[in-house]
Each structure stands twice: as C-alpha cells, then as structure tokens.
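The chain contents come next:
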Amino acid sequence: MASWLGGLGSGLGQSLGQVGGSLSSLTGQISSFTKDILLEGAEEVGDAATELHVSNSRLREIESINAAQKFENERLKKVCGDLEEKHEAAELQIKQLSIEYRNQLQQKEVEISHLKARQNALQEQLQKVQTAAQSAQLGAGGVPPAATSASYVPVVRHSSGFEGDDMDFGDIIWSQQEINRLSNEVSRLESEVDHWKQIALSSKVQRTNNAEQSEICKLQNIVKELKQNLSQEIDEHQHELSVLQDAHRQKLVEISRRHREELSEYEERIEELENQLQQDGVGADAMNDSKSSEQRKKPPSLEGGKVEELQVVKDLEDEIRKLNHKLSSAKEENKILLKEQELAKVEKIQITQEYENLKSGFSMLQSSVAERDALLKEQEKKLQSKTPLLEDVVRLQQALLEAENEIARLSSLNQERLAKELTSAQHENENVLSAYTEDQNSELSQLRQDLERKEHELNESIAERETLIAELEELDKQNQEATQHMITLKQQLSKQHTETDNIIKQLKFDIDFERKKVSELENEKMEAIKELDSQKEKLSQCSYALNDLHISKRQLQDNIKDLQEQLRKAQDCNLHNKEMGELQQQLKEKEEELSVSLGKLTEKSNQEPNYTCQDLKERELEIAKLQNDISENKQLKEDLEKSLSDLRAENGKLIAAIEELKQELSDAISDKNKVCLEKDTVVEALKMEKRQLESELNQTGERLMEQAHKYKQTIEELSNARSMDTTALQLEHERLVKLNQEKDFKIAELKRNIEQMENDHQETKEMLTTSLGGQKQLTELIKEKEVFIEKFKNQALQVKQELEEYMKVSKKQDVLKQNLEEKDRSLAVMKEENNHLKEEIERLKDQQNRSTPVVEPKTLDIIIELESEVTQLKVIKNNLEEEIEVHKKTIEDLNLTTVQLQQSLQEQRKEIDESKFQCEQMNVTHERLSLEKDEEIKNLQKTIEQIKTQLHKERQIIQTDSSDLFQETKVQTLNGENGNEKHDLSKAEIERLVKGIKEREMEIKLLNEKNVSLSQQIDQLSKDEVGKLTRIIQEKDLEIQALNARVSSASYRQDVLCLQQQLQAYVMEREQVLAVLSEKTRENSQLKTEYRNIMDMVAAKEAALVRLQEENQKLSNRSENSSQDMSRETIQNLSRIIREKDIEIDALSQKCQTLLTVLQTSSTGTENTSGGVNSNQFEELLQERDKLKQQVKKMEEWKQQVITTVQNMQHESAHLQEELHKLQAQISVESDSNSKLQVDYNGLIQTYEQNEKKLKSFSQELAQVQHSIGQLHNTKDLLLSKLDLVTPSVATASFISQLSGIQYSAPEVLSDESKLLQKELEQLEKKLEEKDSTIRTLQENNQQLSDSVATASEFERKSQEETESEIRQIKEKHDALQKSLREKDILIKSKSDQLLSVSENLSNKENENELLKQAVTNLKERNLILEMDIRKLKEENEKIVASCREKETEFRALQETNMQFSMMLKEKEFESNSMKEKALAFEKLLKEKEQGKTGELNQLLNEVKSVQEKAVTFQQERDQVMVALKQKQMESTALQSEIQHLREKEQRLNQELERLRNHLLEMEDSYTREALAAEDREVKLRKKVLVLEEKLVSSSTAVENASHQASLQVESLQEQLNLVSRQRDETVLQLTISQDQVKQYALSLANLQMVLEQFQQEEKAMYSAELEKQQKQTAEWRKKAENLEEKVVSLQESLGEANAALEAASRLTEQLDVKEEQIEDLKKEGEIRKEMLEDVQNKLMNLMNSTEGKVDKLLMRNLFVGHFHTPKNKRPEVLRLMGSILGIKKEELDQLLSEDQRGVTSWVTGWLGGGAGSKSVPNTPLRPTYQNIFNSSFSELFVKFLETESCPSLPPPKLSVHDMKPLGAAGTGKMSSTPSNSQMQDSAASGTGRRPATNPFLAPRSAAVPLITPASSSGHLLMKPISDALPTFTPLPVSPDASAGAVLKDLLKQ
C-alpha cells in the first residue's frame, strides 16, 4: 500500500509540475505581448498605410491570443477534473486503510480473549493439580501443601464509546501491552503446571488404582466444563464485536458529517477572499490602461502645431481612434480572461485544501488554519508588489508533496507495528497450542487403550452370538408349521380382494361420467371464445371508424368511451354470468345428489337397523365418491379460471390496441398543428383518459366485490340447509368462493399494473426519442468498453472453471452419501438381527417357565450366559448408535458445504447477469451515439471543407475549437460513465438496484437535455460564426486590395513571418500538452480499473475468511451442543404426535373404565347362573384387543409420516419450480426476440401441466391409502362389536378429519403453485414490453449471447431432468408403502379370524363363573394400577418423542415394526395352540368332575402335588440363591454410586466457591479500573474542549482582522477609481477639442473617416454581442455543472448512508427473527411442560385420594404370617411396623405394648381360634445354614423390602419399547410364588415343625418386579408389572399360565 501511495503521489506531483510550467510560459507570453503592444502604440509611424497594416496585424495577434487563452482555460478545467478524481481516489484509500486497521484491532481483541480463556483454564488446572498433590502428600506422610497459584485476576476492558480517531491508536498500544502481559502470565502458569505435574508423578507410585480412576473422571469432567466455558466466552465476544462494529459505524457517520460542515465553512471564507482579490485586480488593470492611453496621446499633441503635416496627423488620429476602440475591446477580453484565471486558481486552492483537510483530519486543524493565514498574507503582498503567480503554484506543489510523504510515512509505520504485533501473537499462540497438544496426546493414549479393551469384549460377544444362532435354527422349524396357517388366511384375503376390485370398477365408471361432464363444459367454453372473437371483430370495425374520424378531438374521445363501455358490459355479462350460472347449476346438481343420497341412507337406516356396520361402509364409500366428485369439480373450476385469465389477457390486448389508436390520434394532431402547446394539451387529455379508465376499472372491481358478497350469502344459505354428514362439501364450497374472491382481486390488480406499465412504456419511448440528439465521437469510449467486455469474458471463464470444480466436489459428496446409506442399511440389518435374538431369548425363557416340573441342572448357567449376551449386545448397540451420530454429523457438514456452494453459485450468476445487462446497455447507447456522431461528423466535415475554400489562415483556430468541444464532451461522458460504474459496483441488493436504476434514469434525462441544448447552441454558433467570418473575410479582402498598392515596406513581411513562427511554436506546444494529457487520462483509467480489481479480490478473500470462521464456529457449537441441533419442523411434528398420543391414551383409559363396568355387570349378572367366562381367556382377549389397537396406532403414525413426506416433497418441488422460473427469466433477458421467449413459455406450461398431473396422481394414491386405512377401522369396529364390550371407537371421527385435511392439502398446494406461475408470467410479460424497444438495437450482439443462452438452456434441461428423477423416486417410495399397507391388512384380517375362534372357545367355558369372582377383584386392583401405568406411559411417550428426534430414518423403523408384527403373529399362534390344549384339559377335568369321578381326580391331584412340591423346592432353592446374589449386587452398586455422587458434589461445590471468589475479585477490579478510565477520559475531553474554544476565538479574531484590512483596501481602491475616472473625462475633453481641429483641417478625408467609423461600429457591435453571448453561456454552463456536481455528491452520500442503514436493518431483522423464533419455541415447550405438570399433579392427587384409605391385603397377610415366624424377642418390632403401616402413632403403640404384651397375643390367638393355629401357620423346618439369618434379620429384611418397593434407586428411564415387560416374566414369578404358599399350608397341615427355606416377603418382589429388565417386550399394558416409580405394595395377580391349577388346589384344600 505504501508503494502504491507513493506512486500516486509522484504522479500527482508530475501533473501539477506540468500545469505549473504551462501556466508560467503562458503568463510570460501574455506579459511580453502586452509590453510589445504598448511600445508599438508609443512609436511614431510615418505612413498611414503602414499604421493600418500594423493595426491589422495586432488585431490578428490579439485574436490568436484570445484563442490560446480560451484553450488554456479549458485545459485548466480538465486538470481540475483530474485532480478531483485523484482526490476521490485518495479518500477511498484512506477509508480502506482505516477499515483494515480496525479489522486488525478486532482480531487482536479476539486473540486477547482467547489468551484470557486459556489463562483461566490453566489456573483452574493448577488449582486442581495442587489439591490433588496435597491429598497425595497427606496420604503419603502428611507433607505440608505447597503454595497455591498466583492471585492474579485478569482485567477485562471494553471501550465504552468512540470519542475520536486518537482513541484507535491508544487501543492498539493497550492491546499490545495486554498481549505481552498475558503471554508472560501464560508462561508462568505453564511452569507452575509442570512443577505440579512432577509432584503428582512422584506421588503417583504411592496411590491406589481407585484414586487414579477418580482423578481421571475428575479431569474428564474438568475438560467438559472448560469446553462449555470456552463456547460461552466465544459467544459473548462475538456479541461484543457486533456491538463495537455498530458503534464504529455511528462514529464514522458523525465524523463525516462534521467534516462536511467544516469544509462548507472554509469554502465560504475562501469565496469571500477571492471576491476581494478580484476587485483589487480590476483596479490595477484600470491604472495600467490609463497610463498607456496618456503615453499614446502625447506625441500627436506635440505635433499638432505643424501645418505642413496636418493631413498626416489627421490620418494618424483616425487610426489612433480605431486602435483605441480595439484596445478597449482587447482590454475587456483580457479582464474576462484574468477573471477566469483567478477562478481556476481558486478552484485549485479549494482542491488542495480539501485534500489536506482529509489527510490531516481533526488532529491537523491548527496547522491548516495557520497555513491558510499565511497564504492570505502572501496573496496580499503579491497584490501590493504585483508579482507573478508562479510562487503560489510552487508552494502548493510543495505542500502536496509534504502531505503525501507524511501519509506514506504513517502508513509504513502502522504496517510495521501491526506486523510485529502479529508475529508476537503467533509465537504465543504456537507455544500455547504445543502445551495443549501434549495434554491431549496423553488423554488420547488412555482412550485408545480403553478402545482396545472394548474391541476384545466385542469379539467375545460375537462368538457367543454364533452359538445363539445355532439354537435359533431349531426354533425356525417350529415357525414353518405356523406358515401353513398363514396360507389359509391368504386365500380368504384373495376373496376379499376380488370384492374390492369390483368396487374399484364402479368408481372408474363414475369417473368416466364426470369426464363427459368436463367435455361438455369445455364445449361451452369454446362457444364463449367464439363470442369473444365476434366482439373482437366489432372492436376492429370501431377502430377503423376511429381512424377515419380525425375531425375533432372531443368526438374521438366520446367514441372511445362508448366503445370501452360496450366492451366492459359485454365482458362482464358474458364472463361473470356464464361462470356463476355454471357454478350455481353445478351446486344445485350436487345438492340434489346429496339429498337423494341422504334419503337413501335414512331409508336404509330405518329398514335395516341390525346391519349398522354395512351402512357405515356404504356411507364411507359414498363419501369417498363425493370427495372424488369434489376434486373433479376443483379441476373444472381451475380450467374455467384459466380460460378466464386468457379472456382477460385478450381484453388487455384490446385495451392496448385502443391506446395505440389514441397514440396515432395524438400523432396526427401533432402533425397538423406542429406546435408544442398543442402536444402538451394532447398529453394532458391522454392522462385524463387514463384516469377515467382507472376509475372505471375501480367501479368494475366494486361490482365484482358486490357479486362475490351475493355469492357468499347464497353459499351460506345452502350450507345451513345441509345436514352434518356433508361437512366436507361445505368446506369445499366455501373455499371455492374464497378462491373466486382472491382471483377477482388479483385480476383487478393485474389490470392496474398492466396500464401503469403501458404508461411507463410510452413515457420511456418519448424519453428515448428526445434523447437521440447531440454527443460527439465516442469511438475511443467504445474501445474502452470492448476492453471491459473482454475482462468480463475472462471473469465468466473463471466462473465456469469454478463451477466445474464445484460439480466435482458435489460428485464426491454423492459418493460419500452412498457409502453412508450402505452403512445405515447394514446397521438396520444388525438391529433386526438383534431384535430377532432378543425375541428368541424371550421365547426360550417362556418355554423354560412353561416346561414340565423336571428342572435341568444347566438352567442357571444358561440364564447367566443369556444375561452376559444381553449386556454385550447392549454395548454393540451403543457403539452402533455412536457411529450413527458420527455419520449424521458428517452428513450435516456435507449439507452445509453444498448449501454454501449453491449460495456462491447464485451470487456469481447474479453478478454475471448484472454485468451482461450493463454491457448490453452500453453497447446499445454506444451504437446509437456512434450513428448520430457519424452523421454529425459528416455535416461538420462539409462545413469545414466550405470554410477551407474560403479561409486558409484561420483553419487552425476552428480545428482547436472543435477539438476542445470534443474533449469537453469526452470528459463529461467519462465522468458520467465512471459514476455509473461506481453505482454498478454499489448494487449489492435488490433495493439498491432499484434506487440506482432510478437515479441513473434521472441522470440520463438530464444529460440528454444538456446534449440537446448543447447541440442546438453549437449548430447556431457554427452557422453564425461561419456567416460572420465570411463577411469579415470579404471586407478584409476589399481592404487588402485597396491597400496592396500602398504596401511596399519589408518590415510587414518580417512581422508576418515572426508571427507565423510563433503560431507554429504554439501549435506544437499545444499538441504536446494534449498528448501528455491523453496519456495521463489513460493511465488514470488503468489505475482505477486495477484498483477496483484489487478491491474486489480483497473483498472476496475477506468473505471467504468470514465463511471459514463461521463454519469453524458452527462445527465447534455442534460438537458441544449436538443435542440443540433439532429443527423447527421436527419439533412441530413431535408436538403434534404427542397430542395425538394423549388423545389415544385418554380413549384407552375410557375403554378400560367401560371394560371394568362390563366386567362388574357380567360378574353380578352371572353369579346365580351356572355358566360364566374363563378369566384366562378374558385376559388373552384383552391382550389381543390391545395389541390390535397398538397396530392401528402404528398404522396411523405411519400414515402421518407418509403424509409429511409427501408434503415435504411437494414443498421441494415448489422450490425447484421457483429455481426453474428464475433461470427462465434470465434466459428471457438474454433472448434475441419474442420467438425465443414464447418457446420458453410453452416449455414452462408443459412442465407445469406435468407437475399438476403428477400431483393429481399423488392425491389419488393418497385417497387409495386412506381408503385402505378406513377398511382397517371397519375391521376394528367389527371386532369390538363382536366382543360386545366397547361402543364404536371415537377414532373414526379424527380419521375422517385427517382425511379431509389431507384432501385439502393437495389442491391448496396446486393453487399456490398456480399463483406463483401467474405472477411470474406477468413479470415476463412486463419484461417483454420493456425490452421491445431495446430488441432492435441488440441484433448485432446476438452472436455473442447465443453461446451463453445455449449453456443456460442446457443447465435448465439438467435441472428439469433432476426434478423428474426425484418425482420418480417419490413414486417408487409410494408404491413400496402401498405394498407394506396391503401386507398389514392381511395381518389384521388373520388376527380377526383368530378372535372369532377365541370367541367360540368362550362359549364353551361358562362353567367357571365362580372362579371369576376372585379374578374380578384382582382386575379391579389391576385397573387402578394400570391407570397409574398409563399416566407413566404418557411421560414415557414424551420421552420417546425426544428420542424420535435423533432417529431420522423413518422407513427403517417401519421395517422393524414389520418384523415385530411377524414375530407377534408367531407368538400368538403358539399361545393359541397352548390355550386350546389347556381348554381341552380343563374340559376333561370338568366332565370328570360332573360324572362324579372324584376319587380318580384326588389321586391324580395328589400325584401332581407331589411332583409340584419337588419342582417347587428346586425352584425355591434356585430363587433364593439368585435373590441373595442380586441383593448383594444392588447394595454394593448403590453404595458405590452414593460415594461417587458425594465426591462429585464436594468437588463441584469447591469449584463453584473458587470460581465465585475469582469472579467477585475480577468484577471489583474491572469496576474500579473502568471508573478511573472514565474519569481520565472526562479530564482529557474537557482539556480538548478548552483547546478547541481557544482555537475558535483566535481564528475568529484573525478573520475579523482580515475582513477589516480588506474593507480598508476596498475603500482605497474606490478612491483610486474615482481619480482615474476624472482623468478619463479630462482626456475625453481634450480629444473633442483635437477632433474639432482635425475636422477643420481635413475635409478631404471625411468620406474615408465615415466609412472606417461604420466598419468599426459594426465590428464593435459584433464583438460585444458575441462576448456577451459567450459570457452568458459560460455562466449558465458553470451553474449547471455545479448543480449537477452537488446533486451527484448528495446522491452518493445518501446512497452510502441508505446502504449502511439497510445492512444494519437487515442484520437486526435477522437477529430479531432468530430470537423471536427461539422465544416462540421456548413458549411452546413451556406450555407443553405446564400441561404435562398439571396432568401429573391431577393424577397424583387422584392416586393419593384413591390409595389413602386402602391397605394391601397381601402385605397384611405377609406381615401377619411373618409375625408368627419371628422369634418372640422381636415380635413387638413387627407389631410396630404393622401399626406404622396402618397409621397408628408411636405413642399409642408404645402404650399398647407397655400395658401388656399378653393382651395382644391373646387377642391374636383368640382371633385365630386357640389350638387351630397349627393348621394355618406353616412350619417347615429350617435348614441349619439359614437358621441364623432368619432368627436375627426379620426387621432388617422387611425394612429392605419396603425400601426396594417404595423408593428404589431408579436408573435413567430408557425411552424405547424395551421398557415394556413381557408376560413371561410375570408368569414365572407367579408360578414360583403360588406354590410356595400352597406348600406352606400343606406343611402346616402335616403338623411338622419345619420352617420354609424362603422368606415369604421376598416372593412378591421376585414375582412382580424383575430385577433385570428384559431388553425387548411383547406384552400388553394391563399384563405388565408395576413400574418402580411409585411406592406401592404389589398384589399377587393370577397369572394366565398357572392361575387355573393354583385356584383348583386352593379349592381342594378348602
């Protein structure tokens, strides 16, 4: 940058030096010329002829000088323009430098924050290492602890505000100091860390392995906390950065505003001083003129006395008069030129002052004021001494060079400082990173060792899995038998399939009938189109009549109005009446059909009340038909709307034709009148017509609104008349009416837009016609633009290369995605295998439980192996889930990269389009201008040739004028185009584009007006000058012919030769100066282009850096906060699923209550009767019914997933269509003519129709899916009606509403897409109309643009092919889903058959009514428990929803559910077979019982009992061992977890204490330092204010002094002027006297004098008129140029401010949107949580109310029995426990026990019946091993039992299906528990004094709550055990497997 600045400065110096040299040479020539003239005037000349010759030569010299000064003036103007451009470039450079310095400052602050974070982390590590070392030393031998870490607190400093630019350098210095301090602190901390590490290593040998593990855990926790802190600090720093940037922008705006105000003040002062200087110069010139006139008048007065030479004197006096007149005119011209020179000097001074002001800023105000005072004093001295202006120029150049050197020096110093700071910061960062990487490597090595261990375990689990697979193959043989049963079911399903085919045929027939109706409607539409054509013909006839009638304007207007009214009436009548009539007819037909269908339905319901299910089916079919009819009606409506839009488009064309007629009318009137006033009146009349048309359009819109309201009312009346069954039709009709309204509104808006566009089009045409006049010779500019075009082509090639690279990257990403999908598939396969294994394990367990009492000795080993396998499978599952998460992260990263690439592509496309559009516009303008300039050049060449024939001597002057004019125009055009390029560069957003285009149009209008006026003036000037010059030449020729005879002297020829040589020298100098100027302008333009390219590159690099930083931040945030990456759509879907689940659970609870009531009624009703229902079969039926409900729920969830996927695909297709339309819009801009646009339009329509067809097919397929789901619901209702337990479910209503919602979704999407297409079509039409004018000029550029069009079309085809492929994929997915649906229908039907068979079995088992009473009581208790379970399941459902967020693959879940369904089928079949066997056995038993074979039964039962007792003893021994082991494990794990929890709590509390202390200290320090800094700043600011006030006072005094001196000088000059005027009056008197004398003595020469005087007067008049015209023109042009410059500057400033404000606003809006979305999400979550809390509280209250007064029977029984098992010493403890359970207070219990223990025991014995106690109390002998335990540990065991039952240590709840517990587990427990009780009773009966080998309090624990929860479940909620969440005492329910036998045994015992 420094070198570049230096180069710029040197270039400026050279250009200023050249300007100064040319100025000095000019001033020298002028002074020498004036001296020569004065000397020659004083000389005495002999002859009058020679005097005349001399005067003529002087005249010519003066004219040449005048021309040279004009040229010099113009050259100075160009130099000023160049200096202004350089000044702007310097401003831009300074801004960029400031931006770079601020960016570096921000980077430094970020580095400081990172170092602070690192320091804090190191301090925390040090403290932890110290604590660890202290603990180690204390453990080793009580070594005193070392000193803690240094008590340094980092200081946080934030700049409160920006006071000025001085603060920036202070911030840099402060940041450097902060970096150095932090680096020292980091090194110190690292050394301390190393020291403590050495201590830790030395003490490691003495520690145990447990301590090392705990330390590792601590360190890992510390690492996690540090990472969280780091992420928080990064977020805070980013927020601070954004705040600082906003503050910085505000500061820059304030500085720029202040700077402008100061500049304006200085400019005003400078103008005042310049006015004073000009007045002084005028006075001095007047003095010189008076002296020269006196010198000339002295010689003739001396010679006046001579008589002999009177005639000569008279001649001389006449010539003197002429010369005086000429001299006066020349003096006036000199004065004007001097004024112009002074203006140029003033402009130079202004430019230099502005340049210095920008460089110095606020700090250099004093120096600038002093320099200006010095310049004023020097100017006053110059006025007094009349020295030349060279010194001023030299001083200005020196000042400029010094300022540039200072800038270069400052920039180099800043760069060196920044480079040093950067290198130091990099070294520090490297040191920190090296230390950090060493720590990470050590942790990595430990993690790798753990990984190797886990891999070893995995290999072992795989080997065990292979053994399991071998066992599973045996089970597959059993499955083959079940498949045969499936074949029979399939045959039944095939019959049902044929019935459905018949129904489908009927539906197809209905569809054909509707299509015929559609064809009829289309015929009606064709008739309407024909009528329109006839109306068009009428219109054309009217237009011919209009063309004929050109008589008067009023008549024509009346005719046009009549035609418009007729047109509108016809259109309104035809379109609206027909459309609404047709719609009403259709509505009436539909209503009649509905009424007929309703009548039929009512008749059927009255006739056949028994066949309600069939009526329902028929109704659903009719509803489906009606919905199909509605969809077809929608299609008809859309076709009608399309035809409507076409008719309206034709109406717009007709209106356009009418407006063209109006234009022709106005042209005819203008041709007749040819007067501007009449043109204006025509334009006003047309505007009035437009307003009238708009008002009429508004009236028609109001009429349409009224009609829409009428239709709304009619539709509402019809809807009120309908019944509740036609709700879907109601909604459809209302939606159609709303669509009608929206379409009408849109049509009205479109008409208005079309009219506005047409008006704008006419105005733009008029502007183009007016702007086709005046600029010259733009060939050089065209060449420069061709260079620009070549650059753009190179950029386009680069963009293409980048595109290819992006394509390669995308291919790589596709390959990665495929690999990921393959891995996901393999994962799914593994999961399925896992599920198979788990289900087979459960089956094996069930088989073991159900097997014969002969127990194998290997059962324990098998169970242990299975448990180990389960744990290993869990480990594998966790690993796989981690891999899935890793893959998901990689997918998200790839998606992000693809999104960024797409964004960059879109930006590049936009840039290319903008550049192409600019190139096209430039080419168009250049071609027009070149054509016009060629014509003007031809005209000029003709005039030049005419002048050449007449004038040989003055040709050079004319050429210089033309070249000057050309250069002026060239400079103007260059400046304009540079401004345009700046505007183009600033177009970053669409809003800016619009503003820039408007401003450009305004500038083009102004320039066109300027060019027109210039061209007119130039033509007039050239004509006038040519005429005058021809006259003057003719007169001069006459004079030369008259005087040639007298001329004989050689001095004249010498003078002529000298003058010619001087002229040639001047011409050479001028050409050299022009060449130098042109070279400089070219260099300047090249530098500008290079500068812009460099800026673009820098901006691109910065953008890329910013993107990389954002990606890094996103990756870090993801790694730390991966749980927070769920999108809004998933959250909404999950909330919807949760609501549906809640509804379903409520329905289930209601059904459970109805079941309870039915059970109670059935039990009470069937008590007296002999027949009843078996409890086991009833439970199985409930299970099957609930399983069917679960399947239905799963099907509904799957259906919703399908719907969501279809909707997502529709959204994606909409986005793709939008991209297609964007590409087509680009092609339309680049297209050659209307033909290409029409081809693209046809292609668009075809794609749109294809998309509509595809969407229709999707909707039809959805309807089929919904139909199949409806059949599922029907089957479910049938099953429920057959059971006669539950009324038809409520689910059908929700299902119908869902159906209706789904059906609405498709047409709404269609309507949205049609709206989008209509909008885009309208945009295309507008663009067509705009580009009609530019198409003619773009024919030459077609060849260049054809290549780009071809590439764009290829890209469009590719995108279309991609969309088609995506649609095909969607169809394939849809087909697969339909297949899976059919399979599920088959499954459901097979289960319905099973239900029928079960119901038949129910009728055979009515004899078990007495046994059902106990089952009913148990069921009541279970229902209460199940209600609790359902509430818990709601919570579990919500947790499952959270886990669903992570599992995105929905199709795999569907496959798993399929597999589960198949497994459940097999289990059901197996269970049904077992149930059948049991039923047969029970039937045999019952028959034998009825026949009276009691003896045989007793024998069989005794045998069974003996066998069972043996089995029970074995099982009890095994259960006791297992229970004891499990209790020990549970106790040990609980103790370990408590110890770890306490340790972690202590560590956390210590860390929080330390952190809070450090935070307090930091906050106090920071507050104190900020307060001190604020005070210092206040002091500094006050000092600055005082200094500035003093400066103001001094400057004001200096200004007052200067003004006073100037006023004194003005007064002295006025006095001198008065003296000069008096002298002039005296000389005039003397002249009159001398003239009188001359007249007396020279009568002969009177005629000559008269002629000469006439010539002189004419010349004077001509010269004065020309001078006045030129002065006025120059003044006007200067004013216009100044106004334009001010406007341009103000516009640029407003643009910049607006852009900055827009950027800030866009940022704020984005942030606000993000925050609002977060707030809404949090509110929704809060509401959901509140609802959940309220539900849980209500349920808890209900539970408390229901369970307060109840006591568990089983518990009391166990307590009672346990009281007698305990030794007599510890029986009071048991009684106390019973009292505490029953709610008796401790005091009362103590009183009861203290009064007499015998009272209680006697009451108990009396209650039992004395000696009969031995029968009821079981007394099995205790084994010697267990005797000690049970003697001493009843209370302990009971307390532990209560603890495990009431408040167990809950593991974190697993949100999956695996928490559902199987029936088998419950069954086994019940099997084991019931025989133990029976055995106890048996042993009691035998009378032996033994105690049982088990504790009866442990039996319910093992039975009801298994300690190890199985991995997967396949049971019903009712049959599941109670979860561990609530403190309940579980009852002993009767299991389905063992309940019958146990109940029989109890009965036999009784």
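On a predicted model such as this, the values are computed, not experimentally measured, just so you know.

A.B. asks: Give me the lowdown on the packing of helix α12 (residues 779-850) against helix α13 (residues 859-950), citing residues and values where you can.
C.D. replies: α13 packs onto α12 with a crossing angle of 165° between their chain directions and a minimal axis gap of 7 Å. Here α13 runs roughly antiparallel to α12, going by the angle between their axes. Helix-helix and strand crossings are classified by hand; for α12 and α13 the assignment is left-handed. Considering only residue class, the contact of α12 with α13 consists of 25 nonpolar, 14 polar and five charged.

A.B. asks: Summarise the side chain of Thr 700; cite the residues concerned and give the values.
C.D. replies: Along the chain, Thr 700 turns up in helix α10 (residues 676-721). On the accessibility criterion, Thr 700 (12% relative accessible area) is buried. Setting aside its immediate chain neighbours within four residues, Thr 700 contacts Arg 568 and Asp 572.

A.B. asks: Explain the confidence of the model for the protein to me, using residue names and the numbers behind them.
C.D. replies: Detailed reading of the predicted coordinates is not advisable wherever pLDDT falls low. Averaged over every residue, the pLDDT of the protein is 77; residues scoring 70 or more account for 78%. Per-element confidence in the protein ranges from a low mean pLDDT of 38 for helix α30 (residues 1813-1816) to a high of 91 for helix α25 (residues 1646-1747). Low confidence marks residues 1799-1832, where pLDDT is under 50. Its contacts with residues over four positions away, or in another chain, come to 51 contacts. Low pLDDT (under 50) marks residues 1896-1915, which in the prediction has 54 contacts with non-local residues, meaning those over four places away or in another chain.

A.B. asks: Pulling in residues and values, what's your account of the pattern of salt bridges?
C.D. replies: For the coordinates displayed, the defined rule picks out 35 salt bridges. Residues Asp 246 and Arg 249 are paired through a salt bridge, measuring 3.5 Å at the closest nitrogen-oxygen approach. On the criterion of helical spacing, the pair formed by Asp 246 and Arg 249 is a turn pair, its members being three residues apart in helix α4 (residues 209-302). Note that Glu 641 and Lys 743 form a salt bridge whose closest N and O atoms lie 2.9 Å from each other. Of the two residues, Glu 641 is situated in helix α9 (residues 612-673) and Lys 743 in helix α11 (residues 727-770); the sequence distance between them amounts to 102 residues. We classify Glu 641 as buried; its relative accessible area is 14%. The structure contains a network of salt bridges with shared partners spanning Lys 116, Glu 178 and Arg 181.

A.B. asks: Quick one: what's the story with helix α27 (residues 1771-1782), residue by residue and with numbers?
C.D. replies: Side chains of residues three or four places apart in an α-helix project in the same direction, reflecting 3.6 residues per turn. Along its twelve residues, α27 runs 17 Å from first to last C-alpha, staying within 8% of the 16 Å computed at 1.5 Å per residue. Within the sequence span of α27, burial applies to Arg 1771, Pro 1772, Val 1774, Leu 1777, Met 1778 and Gly 1779. Looking one or two residues past α27, Gly 1783 carries a phi angle of roughly 90°, positive in sign.

A.B. asks: Let's hear about the side chain of Lys 1391: which residues, and what values?
C.D. replies: Locating Lys 1391 in the fold gives a position in helix α21 (residues 1342-1404). The buried charged residue Lys 1391 lacks any salt bridge partner; its closest oppositely charged side chain belongs to Glu 1469, at an N-O distance of 8.9 Å.

A.B. asks: I'd like to hear about a negative patch on the surface, residue by residue, with values.
C.D. replies: A contiguous patch of negative charge on the surface is contributed by Glu 84, Glu 265, Glu 268, Glu 271, Glu 272, Glu 347, Glu 1682, Glu 1685 and Glu 1686. Of all the secondary structure elements, the ones that give two or more residues to the negative patch are α4 and α25. With respect to the helices and strands, the residue Glu 1682 is situated in helix α25. The exposure class assigned to Glu 1682 is partly exposed, which follows from its relative accessible area of 45%.

A.B. asks: So what's going on with the packing of helix α22 (residues 1409-1446) against α25? Residues and values would help.
C.D. replies: Taken N-terminus to C-terminus, the directions of α22 and α25 make an angle of 165°; their axes are 11 Å apart at the nearest point. Taken together, the axis directions place α22 and α25 in an arrangement best described as roughly antiparallel. When you trace α22 past α25, the crossing you get is left-handed. Counted together, Met 1428, Arg 1431, Lys 1434, Glu 1435 and Glu 1438 of α22 and Met 1732, Val 1736, Lys 1739, Asn 1742 and Leu 1743 of α25 form the full contact between these two elements. Of the residues in the contact of α22 with α25, the class split is four nonpolar, one polar and five charged.

The rules behind the values
- Residues numbered from 1 in each chain as written.
- Predicted model: local features only at pLDDT ≥ 70, side-chain atom pairs only at ≥ 80, totals over all residues.
- Heavy atoms only, no water.
- Axes fitted to C-alpha atoms, helices over the stretch in contact; angles between N-to-C directions.
- Helix = DSSP H or I, 4+ residues; strand = E, 2+ residues; numbered from the N terminus.
- Parallel < 35°, antiparallel > 145°, perpendicular 65-115°, else oblique.
- Left-handed = near helix turned anticlockwise from the far one by under 90°.
- Nonpolar A, V, L, I, M, F, W, Y, C, P; charged D, E, K, R; others polar.
- Buried < 20%, exposed > 50% of the residue type's maximum accessible area, 1.4 Å probe, protein only.
- Contact = heavy atoms within 4.5 Å.
- pLDDT = per-residue confidence, 0-100.
- Salt bridge = Lys/Arg side-chain N within 4 Å of Asp/Glu carboxyl O.
- Expected span 1.5 Å × (residues − 1).
- Lys, Arg positive; Asp, Glu negative; His and termini not counted.
- Patch = residues over 30% accessible without salt bridge, like charges linked within 9 Å, V, L, I, M, F, W, Y side chains within 5 Å.
- Areas by Shrake-Rupley, 256 points an atom, 1.4 Å probe, with all protein chains shown as cover.
- Charge placed at Lys NZ, Arg CZ, Asp CG, Glu CD.

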